[in-house]
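Observations on chain architecture
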Amino acid sequence: MGLLDSLLDHNRAFVEAREYEQFTTDKFPDKNLAVLACMDARLVELLPKAMGLKNGDAKLIKNAGALVTHQWGSVMRSLLIAVYELRAEEICVVAHHDCGMRAIDPARILANAQERGVSADTITTLRGAGIDLDSWLKGFDNVQDSVRHTVATIRSHPLMPKDIPVHGLVIHPATGKLDLIIDGNLPQA
C-alpha cells in the first residue's frame, strides 16, 4: 500500500467515526490572529501547543523559513485576506532555530533539480528570462535578522493597515520555547 492509499484509508475511517466533530469551528479565527510560520515538520503540533492555540484560534500560513520574500506573493496576499476578510487583528511571524533555510545553497538546489531531470537548458532559460534563481532560492544567515526583515516587509506593505501589530518570534523546535524578537505593540524605529 502506498502513502496516498494509507492516507485515504485513514480518512475514510476518520469521517465514518465522525472524528471531525471535535474540530468544528467557522472560518473566522477566535483569537483574531494570523500566524506565519515555517513548514518544518517538527512544528506541526508543537507550534500551536507552544502558543496555546487550538483549532479555530488562528489563521496559520506556513512556508519554508516563515519568509515573505515578495510583497506581491501569495504569503502577503494571504495575510492581507486574513486581515481584511477574516478578522485577523494581529500577526505573528514565527521562525525557528535550526531551520533548513539557514544558509541554504541555491547552487546545491539547482544541482539536485538537474539530478531529478530538470535540464540545464531550462535553468539557463529561466536565468535569461530575468529570474534571479540564486536570490529566489536563497535562505538566510541569521534567523533573528530574517524575522526582523519579514516583519518589516509586512509592516511596510502599502495595503497593510498601520494599526495591525506584527510580532516577530523564534521558536525552539525541541522545547517550544518562544523568543520574542519584535513586539508589534511597541512603536518601531
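This is a predicted model, so every value here is computed, not measured.

1. What to know about the overall build of the chain
Each helix and strand in the chain was counted, giving seven helices and five strands. Of the regular secondary structure in the chain, the N- to C-terminal order runs α-β-α-β-α-β-α-α-α-α-β-β. Taking the principal axes of its C-alpha atoms as reference, the chain extends roughly 55 × 50 × 35 Å. Considering only residue pairs separated by 6 or more positions, the chain has 72% of its internal contacts joining residues 24 or more positions apart. Both charge centroids of the chain, one from 20 positive and one from 24 negative side chains, sit 2 Å from each other.

2. Concerning the side chain of Ser146
Within the fold, Ser146 resides in helix H7 (residues 143-155). Residue classification places Ser146 among the buried residues on the basis of a relative accessible area of 9%. Not counting chain neighbours up to four residues away, the residues in contact with Ser146 comprise Leu67 and Phe140.

3. A word on the side chain of Thr150
Locating Thr150 in the fold gives a position in helix H7. Judged by its relative accessible area of 0%, Thr150 is buried. A polar atom in the side chain of Thr150 sits 3.5 Å from the backbone nitrogen of Val68. For Thr150, the contacting residues outside a window of four places in its chain are Leu36, Ala66, Leu67, Val68 and Val93.

4. Some words on the nonpolar core
Counting 41 residues, the largest nonpolar core has Val35, Leu47, Leu79, Ile91, Val94, Ile154 and Met160 as the members making the most contacts within it. Where this core is concerned, the elements lending two or more residues are strand S1 (33-38), helix H2 (43-51), helix H3 (74-84), strand S3 (90-96), H7 and strand S4 (166-171). Among residues more than four places away in sequence, those in contact with Val94 are Val35, Leu36, Ala37, Cys38, Leu47, Met51, Ala66, Leu169, Ile171 and Leu178.

Thresholds, definitions, all that
- Residues numbered from 1 in each chain as written.
- Predicted model: local features only at pLDDT ≥ 70, side-chain atom pairs only at ≥ 80, totals over all residues.
- Heavy atoms only, no water.
- Helix = DSSP H or I, 4+ residues; strand = E, 2+ residues; numbered from the N terminus.
- Contact = heavy atoms within 4.5 Å.
- Lys, Arg positive; Asp, Glu negative; His and termini not counted.
- Charge placed at Lys NZ, Arg CZ, Asp CG, Glu CD.
- Buried < 20%, exposed > 50% of the residue type's maximum accessible area, 1.4 Å probe, protein only.
- Polar contact = N/O pair within 3.5 Å; in protein donor to acceptor, adjacent residues only side chain to side chain.
- Core = buried A, V, L, I, M, F, W, Y, C linked by side-chain atoms within 4.5 Å.

The quantities given are spatial measurements derived from coordinates; they are silent on function.
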